[in-house]
Amino acid sequence: MRLSDTFLEDLRSRVDIESVISPYVNLRRRGKNLVGLCPFHNEKTPSFTVYPETESFYCFGCGAGGDIVTFMRRIENLDYLEAVKMLAERAGMSLPEDGFDDSMAKQRTKVLEANRAAAKFFHAQLFSERGREALDYFLNRGLKVETIRHFGLGYAPNDWQELKNHLNKMGFDDVLLESANLLRRSDKNGRVRYYDNFRNRIMFPIIDLRGNVIAFGGRVMDDSKPKYINTSDTLVYKKSNGVFALNFAKNGNDGKLIVAEGYMDVIALHQAGFTNAIACLGTALTKEQANLLSRYAKEVLISYDSDEAGQKATERAIGIFSSTGLEVRVLRLSGGKDPDEIIKKYGPQRFRDIIEGAANDTEYRILRARDGLDLSSDDGKLKFLSHVADILAELSSPIEVDIYASRLSRELDVDKTAVMTQVKYRRDNYVRRRKAEREREQQKKLMEGSLSKNTERTSNLRAAKAEETIIASLMRNPDFYPKIKNEIAVDDFITALNKRIFTVVLERVSQGNSAEPFFLSSAFTPDEMDEVTRLFRQSSQMRNTVEECLDCIKILKMEKNRPGDIKASELSNDDFAKLFRQNTDKG
Ligand SMILES: [Zn+2]
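The structure displayed is predicted, hence computed values, not measured ones.

Visitor: Can you walk me through the overall build of the protein in this structure?
Guide: Across its full length, the protein holds 26 helices and 17 strands. Taken along its principal axes, the extent of the C-alpha atoms in the protein is 80 × 75 × 70 Å. The proportion of buried residues among the 587 residues of the protein is 39%. Taking as baseline every contact in the protein between residues at least 6 positions apart, the subset at least 24 positions apart corresponds to 63%.

Rendered as structure tokens:
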């Protein structure tokens, strides 16, 4: 299924890239372009650049790049047509009816249906005779039955086939269930067997904002390992995007979300009336999760465990959350290791007090900077002041800096101007250093291709660079086509990804069509689009002459015909045997 160029041109002219990206990224003008903090990786200074002129974006930090469609695919986890549809709807256009391929959408619906059926099954098991132990586990942890029902908690029986049989009977086949990660597949001695992924575990369904069950977390009830089994990435779920209980917390949260560490903390908080609690799934907080939260809140209250690991995670989370523009406060949990324990021991009021007294991120970092220093000594004071000056130098608001400097001068009994001088000196340095570094890095990255997503690049560096220049020339200068068409063919290409990109570019320019990223994105995955976009951007640093292009064609052909460097995996059995004989003869 392919959308016509007329439709795409129309879409492109009606949707401008700034309006697509700005709900997700705070963009600032820099010359002709816009920059902001990348939504796809964690950063403090903007390397995410939007080029309105070519309706494309590129991140010099992580190499993510593409057009408006690629952006939507990536940030909303959509397939190509879903993303086009979303953009088209916004522009008041409808997709052409004919040949609309929705097989992917159908498959996703089926996975969601299977997940829903599985959630119901687990929930029913929890309230059956065999679920007694699991139910006791929840009740002993202080959960009320209505809370258990509210969250749809469940129990996966200690059996290899029970969920499989149940869902098979409902018409879901094994292949689909495996793709939903509800079943696993073993392939022993050529005999394929499917079995339940979750066994003898208490089950937490993960529900998205539309009320779909998209994944499960399964926890053991004793000390056996692994403690958790979670749904891996599927058609409907991306782990790096997963947030637990956001479906409940998104409404009526006053713009504030409490970020807790685990399922049980979140559930205990909700039961105690803190219905704005959520947990980010997976081992480490991701930029994508932070971005998602920033759409439903202005402020996050980090409430991780009070142990060392929890505090480390807190510092990391502060950086990630602030980079999305969220205000951050940190709860100092005293009197218990996690929210669950504190509420159980002292009741909800204590937790409310902790929220009231929560430090913001800068206060928290200043508190941490004080750890282990003796502030009654001059040496301790100096060290502390120097740490704090570093922290304040990175703040963008002068008012904030002023407030902290006043506080600090009172507390340490030093002159406020002295504090401010320290901060200003560091800030000037910091800003100058960052700016120069950034510019150097960006030029270098483009030309060296250090952010390339072409996995064969390093082992075929000379050829790959030639390929890239040829592709970039044609993308930027479609009028070169008649002058080079007899000199180069698709089969001259060596690396597989470049070969594919060239094929698609060639097809478009040979028909007189534009080969800008926007028109190529239906043919590539978002990851591949990173590379397409990098090549397109690289062309702005090239000479852009037919000669340059022809030189690279020469180099590529030489590389192609160069003997040696034979890849064993690409040889036929006979040739391989021959090669082997040659080598042993030599030895
Ligand atoms: Zn990035």
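Moving on from the model shown.
Visitor: Looking at this structure, I do not really get the sheet that holds strand β5 (residues 65-66). What am I missing?
Guide: Paired through backbone hydrogen bonds, the strands of a sheet run either parallel or antiparallel to each other. Across the sheet, which stays open at both edges, the five strands sit in the order β1-β2-β3-β4-β5 with antiparallel pairing between neighbours. The sheet is open, and its two borders are formed by β1 (28-30) and β5, each paired with just one other strand. When β1 meets strand β2 (residues 33-36), the two strands line up antiparallel, connected through three bridges. In the sheet register, Arg29 faces β2, and the bridge partner there is Leu34.

Visitor: I tried to follow the pairing of strand β4 (residues 56-59) on my own but got confused; where do I start?
Guide: In summary, the side chains of a regular strand alternate between the two faces of the sheet. Burial along β4 is two-sided: Ser56 and Tyr58 facing one way and Phe57 and Cys59 facing the other are all buried. Across four bridges, strand β3 (residues 48-51) lies against β4 in antiparallel orientation. For Thr49, the partnering residue across the bridge sits in β4 and is Tyr58. The loop that links β3 with its antiparallel partner β4 comprises four residues; one of these, Glu55, has a positive phi angle of about 50°. When β4 meets β5, the two strands line up antiparallel, connected through two bridges. Within β5, the residue paired with Phe57 across the bridge is Gly66.

Visitor: Can you walk me through helix α11 (residues 263-271) in this structure?
Guide: Because each turn of an α-helix spans 3.6 residues, side chains separated by three or four positions in sequence point in the same direction. Most of α11 is tucked away: nine of the nine residues are buried. Along α11, the residues that are buried comprise Tyr263, Met264, Asp265, Val266, Ile267, Ala268, Leu269, His270 and Gln271.

Visitor: Could you clarify how one ought to interpret the domain arrangement of the protein in this entry?
Guide: Often, the extent of an interface is quoted as the loss of accessible area on bringing the components together. According to the domain assignment, the protein contains domain 1 (5-90), domain 2 (104-237), domain 3 (243-365), domain 4 (372-436) and domain 5 (458-570). Distance between the C-alpha centres of domain 1 and domain 5: 24 Å. Between domain 1 and domain 5, the residue contacts involve 18 residues of the former and 14 residues of the latter. Counting only elements with at least two residues in the side of domain 1 that touches domain 5, the list comes to α1 (5-14), β4, β5 and α3 (68-76). Per-element tally for the side of domain 1 that touches domain 5: the top contributor is α3, with five residues. Split by residue class, the side of domain 1 that touches domain 5 holds six nonpolar, six polar and six charged.

Visitor: Is there a simple way to explain unusual backbone geometry in this structure?
Guide: Leaving glycine aside, a negative phi is the common case for residues, and trans is the common case for peptide bonds. The omega torsion of the bond from Lys225 to Pro226 falls at -10°, within 30 degrees of zero and hence cis. Note that Pro226 resides in the loop between β10 (213-219) and β11 (228-230). A positive phi angle, close to 75°, is found at Ala245, a residue other than glycine. You can see Ala245 is positioned in the loop between β12 (243-244) and α10 (246-249). A count of 23 C-beta atoms within 10 Å places Ala245 in the buried class. A positive phi angle, near 60°, is found at Asn544, a position not held by glycine. Along the chain, the position of Asn544 falls in the loop between α24 (526-538) and α25 (546-561). Under the C-beta neighbour-count criterion, Asn544 is labelled partly exposed, with 15 such atoms within 10 Å.

Visitor: I'm lost on the nonpolar core in this one. Help?
Guide: Soluble globular proteins tend to pack their nonpolar side chains together in the buried interior. By size, the foremost hydrophobic cluster in this structure holds 78 residues, and its most contacted members are Val266, Ile278 and Val300. Sort the elements by how many residues they give to this core and helix α5 (residues 103-126) lands first, with eight residues. Here this core spans two domains, and each of domain 2 (104-237) and domain 3 (243-365) adds at least three residues to it. Counting residues in hydrophobic clusters, the runner-up holds 56 residues, among them Val50, Leu81, Ala83 and Cys549.

Visitor: Can you walk me through the sheet that holds strand β13 (residues 256-260) in this structure?
Guide: With mixed pairing, the six strands of this open sheet are ordered in space as β12-β14-β13-β15-β16-β17. Taken across any chain shown, the strands that pair with only one partner, and hence form the sheet edges, are β12 and β17 (359-360). Across two bridges, the pairing between strand β16 (residues 327-330) and β17 is antiparallel. Across the sheet, residue Arg329 finds its bridge partner in β17, namely Asn360.

Analysis parameters
- Residues numbered from 1 in each chain as written.
- Predicted model: local features only at pLDDT ≥ 70, side-chain atom pairs only at ≥ 80, totals over all residues.
- Helix = DSSP H or I, 4+ residues; strand = E, 2+ residues; numbered from the N terminus.
- Buried ≥ 20, exposed ≤ 12 C-beta atoms within 10 Å, placed from the backbone.
- Contact = placed C-beta atoms within 7 Å.
- Pairing = 2+ DSSP bridges.
- Domains from an automatic or database assignment.
- Nonpolar A, V, L, I, M, F, W, Y, C, P; charged D, E, K, R; others polar.
- Core = buried A, V, L, I, M, F, W, Y, C linked by C-beta atoms within 7 Å.

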